[in-house]
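# Understanding the architecture of this molecule
Given next are the chains, with one letter for each unit.
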Amino acid sequence: MSASRRPNGVSKPSPRASPNTSTKTRSTKQPPTISDTLTTLLHPAEGLLLLTYPSLLLLGSIFSLLDPSARAAPYSASLQSHPPDMAPNYFALKKNVFNIWFVKVGWFWFTVAWAVWVLMGMGMMRARSRAPPREKTKARIVELDDDEEVEQEAEEEKEEKDATLVLTPQKLQSALRWVVVTFWWTVVTQWCFGPALIDRGFRLTGGQCELMQSDTARQEMGDVREFVTATACKIAGGKWKGGHDISGHVFILVLGSASLGLEVLGAMVNDRRAGAEEKQAQLGRWGWGIVVGVVGMSWWMLLMTAAYFHTWFEKFTGLSTAFVGIAVVYILPRILPGVRDILGVPGR
Ligand SMILES: CCCCCCCCCCCCCCCC(=O)SCCNC(=O)CCNC(=O)[C@H](O)C(C)(C)COP(=O)(O)O
Ligand SMILES: Nc1ncnc2c1ncn2[C@@H]1O[C@H](COP(=O)(O)O)[C@@H](OP(=O)(O)O)[C@H]1O
């Protein structure tokens, strides 16, 4: 394996060496192993990010089995939660402020974070990776007088601002990936040429809306004891009962935060152009702040959903449905060149 020296003396694989070289070297002698294939598809850091999701779900579910207050509280399958007056803690309440202001309008937050990242984080990374390496810059600054130093800083600042506004193919492809991911979120949770996939799945598996509370509404409905969407059912005071209800919370939290995470992480680990290793410390502060905030909050809420809401199987189907979207947008382009030409791969 060829290697290049970093300024700090640490050996680093050369841009083309890993992971592809190991696969090529092997392929002349023996077929690539599963691990070779996986590392060609995903950088280990990206794999680790995706592994976080089943781990969080597992952790939350195990916590709820071990936590005495969660075990003591009865669980209502029709509410998909513990009844509010017996909830083991604040996060087990549907009305908790993070659920109302973050998850219930989650796509808004993911979109804002994505837009900030594309405009500020990604733009600045591109500008900085074109700038001279830090060591050289430092050496030059020693020779410059104060005025020149200020001038140079102003120039660098201007370059960063310009990069925010420039429309690059990478930014366009990231926006296109957002469109596809948003399309998947829409058809699964909001509308799919009629009821969303979650609602259709629920109905197909024998679920229906039962009007329990309102006599008037029940009379108005007559013999038709069902509405076609969970929202319409709940608004009418009914209970969405019987079928398999994919966890919408698990779905939206995994899809939104994993795609956002892969955008940023991918740009950090896959970009092998000269000077690119400098960029981790150089991302725009806004880009970083909002992405870390939104992903962090998603992880916390996912843990809470895992601990206090839904059954194991509903959480598993929420995770799988989100991973289908992630696979199409982030894995498929690495396998099919035609798809790669359109959607691109973050950082490549
Ligand atoms: C690079 C991309 C650039 C794109 C354009 C940039 C514009 C930035 C400006 C910001 C505008 C934001 C526009 C976002 C559009 C929206 O999505 S707004 C809608 C917000 N609504 C939601 O997020 C609803 C989320 N909720 C659900 O999906 C469901 O409620 C649920 C959580 C899955 C489950 O619901 P239950 O009732 O609990 O079952
Ligand atoms: N982390 C969380 N915090 C609060 N409520 C949650 C939650 N995860 C799921 N829920 C609630 O559990 C129910 C099922 O969620 P979902 O199917 O979206 O995963 C929803 O109730 P409501 O629809 O009555 O608000 C949702 O608000």
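Up top you'll find the structure we're talking about.
First, a word on scope: everything that follows refers to the structure included in this document.

Rules of the game
Residues numbered from 1 in each chain as written. Chains lettered and ligands numbered in written order. Predicted model: local features only at pLDDT ≥ 70, side-chain atom pairs only at ≥ 80, totals over all residues. Heavy atoms only, no water. Near = heavy atom within 4 Å. Polar contact = N/O pair within 3.5 Å; in protein donor to acceptor, adjacent residues only side chain to side chain. Areas by Shrake-Rupley, 256 points an atom, 1.4 Å probe, with all protein chains shown as cover. Helix = DSSP H or I, 4+ residues; strand = E, 2+ residues; numbered from the N terminus. Nonpolar A, V, L, I, M, F, W, Y, C, P; charged D, E, K, R; others polar. Core = buried A, V, L, I, M, F, W, Y, C linked by side-chain atoms within 4.5 Å. Buried < 20%, exposed > 50% of the residue type's maximum accessible area, 1.4 Å probe, protein only. Contact = heavy atoms within 4.5 Å. Patch = residues over 30% accessible without salt bridge, like charges linked within 9 Å, V, L, I, M, F, W, Y side chains within 5 Å. Salt bridge = Lys/Arg side-chain N within 4 Å of Asp/Glu carboxyl O. Lys, Arg positive; Asp, Glu negative; His and termini not counted. Charge placed at Lys NZ, Arg CZ, Asp CG, Glu CD. Axes fitted to C-alpha atoms, helices over the stretch in contact; angles between N-to-C directions. Parallel < 35°, antiparallel > 145°, perpendicular 65-115°, else oblique. Left-handed = near helix turned anticlockwise from the far one by under 90°.

With that settled, the discussion passes to the site of ligand 1. Around ligand 1 lies a shell of 19 residues, among which K104, V105, W107, W185 and Q190 are the nearest. In this structure, an oxygen atom belonging to ligand 1 sits 2.7 Å away from a main-chain N or O atom of W107. With respect to ligand 1, the side chain of Q190 contributes an N or O atom lying 3.1 Å from an oxygen atom. When isolated, ligand 1 has an accessible area of 970 Å², and the protein chains bury 63% of it. Listed by contribution, the elements that provide at least two residues to the shell around ligand 1 are α6 (106–130), α9 (169–190) and α13 (248–270). If you tally residues by element for the shell around ligand 1, the top one is α6, at eight residues. Its residues placed into classes, the shell around ligand 1 shows twelve nonpolar, six polar and one charged.

So, about the site of ligand 2. Of all residues adjacent to ligand 2, which total 16 residues, the nearest are K104, K234, S247, H249 and H310. Interatomic distance of 3.1 Å between a side-chain N/O atom of N99 and a nitrogen atom of ligand 2. Contact distances for ligand 2 include 2.9 Å between an oxygen atom and a side-chain N or O atom of S247. Isolated, ligand 2 exposes 550 Å² of accessible area, and the fraction of that covered by the protein chains is 87%. Looking at the shell around ligand 2, the elements with two or more residues in it are α13 and α14 (285–308). Element by element, the count of residues in the shell around ligand 2 is highest for α14, at three residues.

Further remarks concern the nonpolar core. Among the nonpolar cores identified, the biggest contains 55 residues, and I252, L255, L260 and L302 are the most heavily contacted of them. Those elements that provide at least two residues to this core are α3 (44–66), α5 (97–103), α6, α9, α13, α14 and α15 (312–335). The greatest single-element share of this core, amounting to twelve residues, is contributed by α13. Dropping the residues within four chain positions of it, L255 is found in contact with W107, V181, W184, W185, A322, G325 and I326. Counting five residues, the second largest nonpolar core, distinct from the first, contains F202, C209, A230 and C233.

Time to look at a negative patch on the surface. On the surface, a cluster of negative charge is contributed by D147, E148, E151 and E155. With respect to the helices and strands, E155 occurs in helix α8 (residues 146–165).

What follows is about a nonpolar patch on the surface. Together, L58, I62, L65, L66 and W312 make up an exposed nonpolar region whose accessible area comes to about 530 Å². In terms of residue count, the dominant contributor to the nonpolar patch is α3 (four residues). Relative to the helices and strands, L66 resides in helix α3. With relative accessibility at 61%, the residue L66 sits in the exposed group.

So, about the environment of G248. With respect to the secondary-structure elements, G248 resides in helix α13. On the accessibility criterion, G248 (23% relative accessible area) is partly exposed. As for G248 and P32, which are separated by 216 residues in sequence, their C-alpha atoms are 38 Å apart.

Our next topic: the pattern of salt bridges. Under the criterion given, the structure shown has two salt bridges. Across the pair E46 and R334 runs a salt bridge, and its minimum N-O distance is 3.0 Å. Of this pair, E46 sits in helix α3 while R334 sits in helix α15; the two residues are 288 residues apart in sequence, bridging distant segments of the chain. Here E46 and R334 have matching classes, each one buried.

Relative orientation of the contacting elements α3 and α13 amounts to 160 degrees, with a least axis distance of 9 Å. Put simply, α3 runs roughly antiparallel to α13. As α3 runs across α13, the sense of the crossing is right-handed. Contacts between α3 and α13 involve A45, E46, L49, L50, Y53 and L57 from the first element and V250, V254, S257, A258, G261, L262, L265, G266, V269 and N270 from the second. Of the residues in the contact of α3 with α13, the class split is eleven nonpolar, four polar and one charged.

This next bit is on unusual backbone geometry. Even without glycine at this site, F193 takes up a positive phi of about 50 degrees. Mapping F193 onto the fold places it in the loop between α9 and α10 (197–204). A positive phi is found at H310, a non-glycine position, where the angle reads about 70 degrees. If you trace the backbone, H310 turns up in the loop between α14 and α15. Classification of H310 as buried rests on a relative accessible area of 13%.

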